[in-house]
Amino acid sequence: VQLQASGGGLVQAGGSLRLSCSASGSTFSSYNMGWFRQAPGKEREFVAAINWSGGYTYYADSVKGRFTISRDNAKNTVYLQMNSLKPEDTALYYCAGDPARNQRVPEGWSYWGQGTQVTVSS
């Protein structure tokens, strides 16, 4: 599967953005999907994940209550709605997919998109 992330941009603190990740291939609906982010000089960190059916989601503590992950299997797309953005949310955001695993570490995911930049100004 090939993943294409989009929707990043520059936003003021307190604002919102919605990231999208479009997938090619007919197997998207069977894949677990996740979002990770990486700030300059830092390691890639887990943000949120959703299982293949959309019935199970989980989040990093740092974004819980502010970010929402969702998916539309008919459109082969996963979303990350980001509200109440903070300057510390500034990073390159990646979407990831895996047919079996669903983990909080990057090593647990087989497929990656190219990343979309999110910059939050104070």
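Above: the structure in question.
Residues numbered from 1 in each chain as written. Predicted model: local features only at pLDDT ≥ 70, side-chain atom pairs only at ≥ 80, totals over all residues. Heavy atoms only, no water.

Scanning the protein from N- to C-terminus turns up zero helices and 11 strands. Starting at the N terminus, the α and β elements of the protein follow one another as β-β-β-β-β-β-β-β-β-β-β. At 13 Å, the protein has a C-alpha radius of gyration in line with the 14 Å of a compact globule built from 122 residues. If one aligns the C-alpha atoms of the protein with their principal axes, the spans along those axes are about 40 × 25 × 25 Å. Every one of the 122 residues in the protein was classed for burial, and the buried ones make up 44%. A separation threshold of at least 6 residues defines the contact pool for the protein, and within that pool the share at least 24 residues apart is 57%. A total accessible area of about 6000 Å² is found for the protein, and carbon and sulfur atoms account for 47% of it. One finds the centroid of the 11 positive side-chain charges in the protein at a distance of 5 Å from the centroid of its 8 negative side-chain charges. (Helix = DSSP H or I, 4+ residues; strand = E, 2+ residues; numbered from the N terminus. Rg over C-alpha atoms; globule rule 2.2 N^0.38 Å. Buried < 20%, exposed > 50% of the residue type's maximum accessible area, 1.4 Å probe, protein only. Contact = heavy atoms within 4.5 Å. Areas by Shrake-Rupley, 256 points an atom, 1.4 Å probe, with all protein chains shown as cover. Lys, Arg positive; Asp, Glu negative; His and termini not counted. Charge placed at Lys NZ, Arg CZ, Asp CG, Glu CD.)

Further remarks concern the environment of N102. Following the sequence through the fold, N102 ends up in the loop between β9 (91-98) and β10 (111-112). Note: C-alpha distance between N102 and T90 (12 residues apart in sequence) is 24 Å. Discounting residues that sit within four places of it in the chain, N102 has contacts with N32, A49, I50, N51, Y58 and W109.

Here the focus is the side chain of T77. Note on placement: T77 falls in strand β8 (residues 77-82). Polar side-chain contacts of T77 include one of 2.8 Å to the backbone oxygen of K75. The residues touching T77, leaving out its near neighbours within four places in the chain, are S20, C21, S22, F28, R71 and D72. (Polar contact = N/O pair within 3.5 Å; in protein donor to acceptor, adjacent residues only side chain to side chain.)

These figures come from the coordinates and say nothing about function on their own.
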